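These are the residues of each chain, in order.
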Amino acid sequence: MSLMATSADGSAVADRVYRDLLRTIIQGELKPGEWLKERELSERFSVSRVPVRQALQRLEGEGFVLMSRHRGATLTPITRGDVEEIFDARLCIEPYAARRAAQRVGGGLDSADRLREIFDAVHPSAGGVSESSLAFHLEIVRLSGNRILERSLRPMLGRMDWIFHVAQTTMASEHAEDHRQILASIVAGRGEVAAAQSYAHLDQAKDQILDALAVELAWD
């Protein structure tokens, strides 16, 4: 086997461990503050410690893991400040993206078909939520045509998904109606309305999530 093939195989294994470990974190099988032992994780995922270490380094870069020379890796605690910062960043990005998305769709530069598909998948008519609503938000940012904004939002999505799981709430009915209104404004090309709706939606979600986490994590 060539060196290039070996490297590619190693990268694929590290990617798989990263995805599996991220899923484990988001689903709550590992708790904030928990010590992540390389040996135990390598046994759990049936790999050597090398891809585990690579996955942990990647998760550290995304804010899920804290690395210490003496203690190793621990799962990052969720703090009120972290949640506020994530939502504040989204409030800077997403209302602008919604405005631009509406302008582009209204001007015929792009189509909202994919956004409609995601809305139907996230909010099926039978009720409930079948997929993370964060995909809907990411598609709006993609529709804005601004790749820097899209690259800025993507690293936050895993953390947001984790936060929703820890808070034990999806706010499904509220999200469905808010998303329906934002979608309608984007399709109609009403940029300012879409921006205002996006801001109000995120601002309200921020307060609801903080209240839910205060109960779940016993914040002071």
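The coordinates are above.
Predicted, not measured: the structure shown is a model, and the values here were computed from it.

**Q** Sorry, what's going on with the environment of His 179 here?
**A** You can see His 179 is positioned in helix α8 (residues 172-187). Sequence-wise, His 179 and Gln 197 are 18 residues apart; in three dimensions their C-alpha atoms are separated by 8.9 Å. Apart from the residues within four sequence positions on either side, His 179 is in contact with Phe 119, His 123, Ser 133, Phe 136, His 137 and His 201.

**Q** Would you mind showing me how to read the packing of aromatic side chains here?
**A** Within a pair of aromatic rings, the relevant descriptors are the distance that separates the centres and the angle that separates the planes. Tallying each qualifying case throughout the model produces 2 aromatic pairs. Ring geometry for Phe 64 against Trp 162: centres 5.5 Å apart, planes inclined by 40°, an arrangement best described as tilted. With a gap of 98 residues between them, Phe 64 in the loop between α3 (49-61) and β2 (65-68) and Trp 162 in helix α7 (residues 147-167) connect regions that are remote in the sequence. Neither residue differs from the other here; Phe 64 and Trp 162 are each classed as buried. Arg 159 extends its terminal NZ or CZ atom over the ring of Phe 64, reaching a point 5.9 Å from the ring centre.

**Q** How should the pairing of β2 be read in this particular structure?
**A** When a strand is regular, its side chains alternate between the sheet's two faces. The pairing of β2 with strand β3 (residues 72-75) spans 4 bridges and is classified as antiparallel. The partner of Met 67 across the bridge, within β3, is Ala 73. Between the antiparallel neighbours β2 and β3 lie 3 residues.

**Q** What should I look at first to understand the environment of Arg 114 in this one?
**A** Here Arg 114 is to be found in helix α5 (residues 113-122). In this structure Arg 114 comes out as partly exposed when scored by relative accessible area, which is 45%. Linking Arg 114 and Glu 139, residues 25 residues apart in sequence, is a C-alpha distance of 7.7 Å.

**Q** Is there a simple way to explain α5 in this structure?
**A** Along an α-helix, residues three or four positions apart point the same way, because every turn accommodates 3.6 residues. For α5, the full list of buried residues reads Leu 115, Ile 118, Phe 119 and Val 122. An end-on view of α5 places all buried positions within 105° of arc, on one side of the element.

**Q** Would you mind showing me how to read the sheet that holds β2 here?
**A** In a beta sheet, neighbouring strands pair by backbone hydrogen bonds and run either parallel or antiparallel. With antiparallel pairing, the 3 strands of this open sheet are ordered in space as β1-β3-β2. Each having just a single partner strand, β1 (35-36) and β2 make up the two edges of the open sheet. Note: β1 against β3, 2 bridges, orientation antiparallel. Across the sheet, the residue bridging to Leu 36 is Ala 73, located in β3.

**Q** Hey, could you run me through unusual backbone geometry in this one?
**A** Excluding glycine, a negative phi dihedral is what most residues carry, and trans is how most peptide bonds are arranged. In this structure, Ser 46 is a non-glycine residue whose phi angle is positive, near 55°. Tracing the backbone through its elements, the reader meets Ser 46 in the loop between α2 (38-44) and α3.

**Q** Explain the packing of helix α4 (residues 80-106) against α7 to me, please; I cannot follow it from the model alone.
**A** Where α4 meets α7, the axes come as close as 10 Å, and the angle between the chain directions of the two elements is 140°. Relative to α7, α4 is oriented oblique. As for how α4 packs across α7, the hand of that crossing is left-handed. Contacts between α4 and α7 involve Asp 82, Val 83, Ile 86, Phe 87, Ala 89, Arg 90, Ile 93, Glu 94 and Tyr 96 from the first element and Leu 149, Ser 152, Leu 153, Met 156, Arg 159, Met 160 and Ile 163 from the second. Per-class residue counts for the contact of α4 with α7 are 11 nonpolar, 1 polar and 4 charged.

**Q** How should the environment of Val 50 be read in this particular structure?
**A** Positionally, Val 50 belongs in helix α3. Sequence separation of Val 50 and Arg 180 is 130 residues, and the distance between their C-alpha atoms is 45 Å.

**Q** What am I meant to see in the nonpolar core here?
**A** General note: in soluble globular proteins, nonpolar side chains tend to be found buried as a group. Of all hydrophobic cores here, the largest spans 44 residues; its most connected members are Val 83 and Leu 213. Counting only elements with at least two residues in this core, the list comes to α1 (3-26), α3, β3, α4, α6 (134-143), α7 and α9 (191-216). Element by element, the count of residues in this core is highest for α7, at 10 residues. Excluding its chain neighbours within four sequence positions, the residues that come into contact with Leu 213 are Ile 78, Val 83, Ile 163, Val 166, Ala 167, Ala 218 and Trp 219. Within the second largest apolar cluster, 16 residues are counted, among which are Leu 115, Val 122, Leu 183 and Ile 186.

So, how was this worked out
Residues numbered from 1 in each chain as written. Predicted model: local features only at pLDDT ≥ 70, side-chain atom pairs only at ≥ 80, totals over all residues. Heavy atoms only, no water. Helix = DSSP H or I, 4+ residues; strand = E, 2+ residues; numbered from the N terminus. Contact = heavy atoms within 4.5 Å. Phe/Tyr/Trp six-rings, centres within 6.5 Å; stacked < 30°, edge-to-face > 60°. Buried < 20%, exposed > 50% of the residue type's maximum accessible area, 1.4 Å probe, protein only. Lys NZ or Arg CZ within 6 Å of the ring centre and 35° of its normal. Pairing = 2+ DSSP bridges. Arc of directions from axis to C-beta. Axes fitted to C-alpha atoms, helices over the stretch in contact; angles between N-to-C directions. Parallel < 35°, antiparallel > 145°, perpendicular 65-115°, else oblique. Left-handed = near helix turned anticlockwise from the far one by under 90°. Nonpolar A, V, L, I, M, F, W, Y, C, P; charged D, E, K, R; others polar. Core = buried A, V, L, I, M, F, W, Y, C linked by side-chain atoms within 4.5 Å.

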